[in-house]
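Chain by chain, the residues run as shown.
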Amino acid sequence: MATTDRQATTLALAHALSAAERGLAVLPLSRTKLPALRSPHRDDPEPSPCHGECGRLGHGVYDASSDPARIRELFAAAPWATGYGIACGLPPHHLIGLDLDVKTGTDSSAALRELALRHLFTIPPTVVVVTPSGGRHLWLSGPPDVVVPNSAGRLAPGIDIRGAGGYLVGPGSRTGQGVYAAAPGTAHLAPAPCPRSLLRLLLPPPRAHHPTPPTTGGHGQGLVQFVLAAHEGQRNTRLFWAACRAYEDGIGPALVDPLVEAALTTGLSEREARATIASAARLTGHRP
């Protein structure tokens, strides 16, 4: 490995550990901005739904951690890493990233200003990361019981959203296009709370409700398994997402008890589980 690459890896690790001190979960990235560690299931004959349950490294954003020992282990396994990613949607910040692109030929900053005027919100002072192409990543924090999905261009042309299951390239990362850097005067800030009216725009519209017989079927079992596979730090997020899908698909009431049982298995209390499911019911327009 060239000296410059070793220096880039050392700097990436240092920046990643600094981010972890702020409660952010991180993972090593290669110069392509992709997770540096390859999947241990890449040669499996069938696609694997494993999100790290096998105990090996290489599960992308599911490897992300704020534990310094774990982070050092991840970077030791990927000495070619030159950057790091910050997982979104995890406590304590429940990070939401607004990726304002400049490569699509659209003015994403103007599009965001137009949305703000139309929906009466203001982006508060927050962390802003400047990308090598001149784009910007705005960091916002979301409520703990709301799952913001990833999307590309749905909010407005040139604006991508990094939510649960996604990650942002951390400031100080070196990629093939250049270095990501915090905008002057923002590095010391905490992610600002996402304005409520903007948060509503980031959530997918509820699906039309079609009453169905009180049976969960295979889809309901899949949602229960999704909750059962949650790691610590993902339990509320996964439960909320699964409950939202259940209510949108008309099987919410029938799936309440199975979801509560699954949540209890992951370590949540019954009170926490039922409160999260009730929040999902309200968000999707149903009575808990």
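About the criteria used
Residues numbered from 1 in each chain as written. Predicted model: local features only at pLDDT ≥ 70, side-chain atom pairs only at ≥ 80, totals over all residues. Heavy atoms only, no water. Pairing = 2+ DSSP bridges. Helix = DSSP H or I, 4+ residues; strand = E, 2+ residues; numbered from the N terminus. Axes fitted to C-alpha atoms, helices over the stretch in contact; angles between N-to-C directions. Contact = heavy atoms within 4.5 Å. Salt bridge = Lys/Arg side-chain N within 4 Å of Asp/Glu carboxyl O. Buried < 20%, exposed > 50% of the residue type's maximum accessible area, 1.4 Å probe, protein only. Parallel < 35°, antiparallel > 145°, perpendicular 65-115°, else oblique. Left-handed = near helix turned anticlockwise from the far one by under 90°. Nonpolar A, V, L, I, M, F, W, Y, C, P; charged D, E, K, R; others polar. Expected span 1.5 Å × (residues − 1).

(A) Inspection of the sheet that holds strand β8 (residues 167–169) at higher detail. Sheet architecture is open: three strands sit in the order β1-β2-β8, paired in antiparallel fashion. Where the open sheet ends on each side, the last strands, each with one partner, are β1 (26–29) and β8. Averaged over all pairs of adjacent strands, the angle between their axes in this sheet comes to 35 degrees, without regard to strand direction. For β1 and strand β2 (residues 83–87), the ladder comprises four bridges, and the chain directions are antiparallel. Paired with Leu-29 across the bridge in β2 is Gly-83.

(B) Spotlight on the side chain of His-94. Mapped onto the fold, His-94 is located in the loop between β2 and β3 (95–100). Every residue in contact with His-94, bar those within four places of it in the chain, is listed here: Gly-89, Leu-140, Ser-141, Gly-142, Pro-143 and Pro-144.

(C) Broad picture of the pattern of salt bridges. Here the structure, examined in full by the defined rule, presents six salt bridges. In this structure, the salt-bridge partner of Arg-162 is Asp-99, at a minimum N-O distance of 3.5 Å. Separated by 63 residues along the polypeptide, Arg-162 in strand β7 (residues 159–162) and Asp-99 in strand β3 bring together distant segments of the chain. The shortest N-O distance in the salt bridge between Glu-270 and Arg-274 comes to 2.9 Å. With Glu-270 and Arg-274 both in helix α8 (residues 270–283) and four residues apart, the pair spans about one turn of that helix.

(D) Main features of the pairing of β2. A large share of β2 lies buried, amounting to five of its five residues. Residues Gly-83, Gly-85 and Ala-87 of β2 are buried on one face, and the alternating residues Tyr-84 and Ile-86, pointing to the opposite face, are buried as well. Relative to β8, β2 runs antiparallel, the two sharing three bridges. Bridge pairing in β8 links Ala-87 to Tyr-167.

(E) Molecular detail of the packing of helix α6 (residues 235–248) against helix α7 (residues 252–266). As a packed pair, α6 and α7 sit with axes 10 Å apart at the nearest point and diverge in direction by 165 degrees. With respect to α7, the axis of α6 lies roughly antiparallel. Where α6 crosses over α7, the handedness of that crossing is right-handed. Along its contact with α6, which presents Arg-235, Leu-239, Ala-242, Ala-243, Ala-246 and Tyr-247, the element α7 presents Gly-252, Pro-253, Leu-255, Val-256, Leu-259, Ala-263 and Thr-266. Among the residues forming the contact of α6 with α7, the class breakdown is ten nonpolar, two polar and one charged.

(F) Representation of the environment of Pro-184 within the structure. Summarising the element assignment, Pro-184 is placed in the loop between β11 (181–182) and β12 (192–193). On a C-alpha basis, the gap between Pro-184 and Ile-96 in space is 20 Å, while along the polypeptide they are 88 residues apart.

(G) Just α8, in detail. Helix length check: α8 (14 residues) gives 20 Å between terminal C-alpha atoms against 20 Å at 1.5 Å per residue, within 8%. Buried residues of α8: Ala-273, Thr-276, Ile-277, Ala-278, Ser-279, Ala-280 and Ala-281, and no others. Taken together, the buried residues of α8 touch α6 and α7. Phi turns positive, to about 85 degrees, at Gly-285, one or two residues after α8.

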